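These are the residues of each chain, in order.
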Amino acid sequence: MKTKILIVEDQFIEANNMQGILERAGYKVTGIARSVPIALKAIEKERPDMVMLDILLQGNLTGIDLAAKLREQNIAFVYLSANSNKQILDAAKATKPYGFLVKPFRAKDVLVMLDVAWYLHSQLEEEVKNREAFLKSGFQPPNGELKSIIGSSPAITDILNSVKIVSRSDTAVLILGESGTGKELIAQAIHKLSDRKNKPLIVVNCGALPSNLIESELFGHEKGSFTGAYNKRIGKFEQADGGTIFLDEIGELPMDLQVKFLRVLQEKEIERIGGNAKKIDVRIIAATNRNLEEEISAGRFRLDLYYRLNIFPINLPPLRERRSDILLLANYFLKKYADKQGKTITGFSDEVIAIMKQYSWPGNVRELENMMERSVLLSMGTLINSLILPKDKGSPIIEIEIDRVKTMEENERDHILATLAKCDWKVYGEGGAAEMLNINVSTLNSRMKKLGIDKKHYL
Ligand SMILES: Nc1ncnc2c1ncn2[C@@H]1O[C@H](COP(=O)(O)OP(=O)(O)OP(=O)(O)O)[C@@H](O)[C@H]1O
């Protein structure tokens, strides 16, 4: 059966051109939508397998707004946009597309991107099916193991399901998230739910180790292997043998040690400084609050290591993106610290609740926990009715907003394309585009070249 694609593009010529490319390659184009409302209707009617999305469309809504709806409905989508400024790219990336192509592009590029996008989407669907089957199979985590992880937002529910699934295997796990979002807590839960639970969980903060000691700390050393090595030392990997090692701040690991670490992942082998290779059996969980893709492009993190680690990523969203968990967590910590300090505090005033919901929590759950501990300590009554927030209390929640203005180049491109279409791609001479636009032929040619407008891409 042909894969069904909906094109969402406000430019008539671009859309028609795309339709041609897709149909020649054997896809079925279910329609062309110029705006988000039209696209939504078309999706409801035809249920395409994939959507090709331009970002700036007719009307107030953008392709990025539509992307959120497509995600909800599990429809694959890729972006095709002439605008690739950082703000737009960041906003587009946050919607987790299967691809992004900057106009102008070649037909070949579109088809390769679609191929990869479709493959990724099918993989993900398969994973979701396996996940659902696993959860239906009735596996129950041992009592209480996940109880200490508070939250009922869809994001946390999804993460807990992932934890249950991955804990049953020996797969490496990469936990991503800002500081204080609960990465270590998740690592502990994975270990506790795994068959390794009776063996050690060794926690190493790669960012806290001095660079001259880190190798010996992780891999150990033989007696006399370097000046000052008076005794043999067992490294953290060996200490974790049979159990789990949690490498926090993995993005801080120096490049030379990344090679050695890759060997642990690939060969399950370590080498003490001055010693021989030794097989070990460790489950690896790594975490970082850095953007590893940016670290790779800056040459600070190895791509091969990233691929090895990124087999099962768990993304912990910041608290400001799961606001429905704030009150749950606040009540949990309130009870914890009130019990600890032997106080009877029953809750928060309405004003405090409003402040907590509004605040951006840059320090995430850790910040909320610390604040609750402090508030309980200072509280004189049975209700927390004031909260001292750091200076940026009033700072508004930052939400990505797309400037809905096409750039000069985009407008120029649209205008030239529309004119060329009117003149049947006649550039010069009577009734040609140069004459209609009232510019020199050479100027028009150079603008077309600069903007990547080439007749062969459009016919
Ligand atoms: N969902 C949660 N439920 C209960 N407590 C939580 C939750 N998430 C985080 N915490 C608590 O918040 C604090 C910070 O969590 P944790 O140390 O796991 O964060 P982290 O992401 O590893 O931070 P960092 O990147 O700074 O190491 C801990 O005390 C942890 O127990």
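So, here is what we can say about the structure in this document. Predicted model only: the values in this text are computed from it and were never measured. By convention here, each chain's residues receive numbers from 1 onward along its written sequence. For this predicted model, a pLDDT threshold of at least 70 governs which residues receive local features, and a threshold of 80 or more governs which side-chain atom pairs are given and counted, while totals over whole chains, interfaces and linings are taken from all residues. Computation of side-chain values covers all heavy atoms of the structure but excludes hydrogens and water.

Things to note about the sheet that holds strand β4 (residues 76-81)
Two pairing modes exist for strands in a sheet, parallel and antiparallel, and in both the strands are linked by backbone hydrogen bonds.
Line of reasoning, step 1. A sheet is described by the order of its strands in space; here 5 strands give the open sequence β2-β1-β3-β4-β5, paired in parallel fashion. Of all strands in the sheet, those with a lone pairing partner are β2 (28-33) and β5 (100-102), marking the two edges. Averaged over all neighbouring strand pairs, the angle between strand axes comes to 20°, with direction disregarded.
Line of reasoning, step 2. Note on pairing: two strands pair once DSSP finds at least 2 bridges between them. Under the scheme used here, helices are H or I runs from DSSP no shorter than 4 residues and strands are E runs no shorter than 2 residues, and both carry numbers assigned from the N terminus. Direction of pairing for strand β1 (residues 4-8) relative to β2: parallel, over a ladder of 5 bridges. By the bridge assignment for β2, Lys4 is matched with Lys28.
Line of reasoning, step 3. Working rule for contacts: check all heavy atoms of both residues, and any pair within 4.5 Å makes them a contact. To get an axis, fit a line to the C-alpha atoms, keeping to the stretch in contact for a helix; angles then go from 0 to 180 degrees between the N-to-C directions. Sheet strands touched by helix α1 (residues 12-24): β1, β2, β3 (50-53) and β4. Its angle to β2, the strand with the most contacts, is close to 170°.
Line of reasoning, step 4. Across the sheet, helix α3 (residues 63-72) lies against β1, β3 and β4, angled at about 170° from β4, the strand it touches most.

What to know about the site of the ligand
Line of reasoning, step 1. Any residue with a heavy atom positioned within 4 Å of a molecule or strand is treated as near that molecule or strand. Taken together, the neighbourhood of the ligand is formed by 18 residues, with Ile150, Ser179, Gly180, Lys183 and Glu369 sitting nearest.
Line of reasoning, step 2. The definition of a polar contact used here is a pair of N or O atoms within 3.5 Å, where within protein one atom must be able to donate a hydrogen and the other to accept one, and adjacent residues in sequence count solely through side-chain atom pairs. Within the backbone of Ile150, an N or O atom sits 2.9 Å from a nitrogen atom of the ligand.
Line of reasoning, step 3. Within the backbone of Thr181, a nitrogen or oxygen atom sits 3.2 Å from an oxygen atom of the ligand.
Line of reasoning, step 4. Accessible areas in this description were obtained via Shrake-Rupley with a 1.4 Å probe; residue shielding takes into account the shown protein chains only. Alone, the ligand offers 630 Å² of accessible surface; in the complex the protein occludes 85% of this.
Line of reasoning, step 5. Under a 2 Å grid-point criterion requiring more than half of the atoms, the pocket assigned to the ligand is the second largest pocket.
Line of reasoning, step 6. For the shell around the ligand, the elements supplying multiple residues, two or more each, are α7 (183-193), α13 (326-340) and α15 (364-378).
Line of reasoning, step 7. The split into domains, and so the bounds of each, comes from an automatic or database assignment of domains. When we break the shell around the ligand down by domain, the ones giving at least three residues each are domain 2 (154-317) and domain 3 (320-394). Two kinds of site are reported from a 1 Å grid over the protein atoms alone, namely cavities, where a 1.4 Å probe fits but cannot get out, and pockets, open sets with protein on both sides within 12 Å along at least five of seven lines, and residues are called lining when an atom falls within 4 Å of a point. Throughout, a molecule is located in a cavity or pocket provided that more than half of its atoms lie within 2 Å of its grid points.

Any link to function would need more than the numbers given here.
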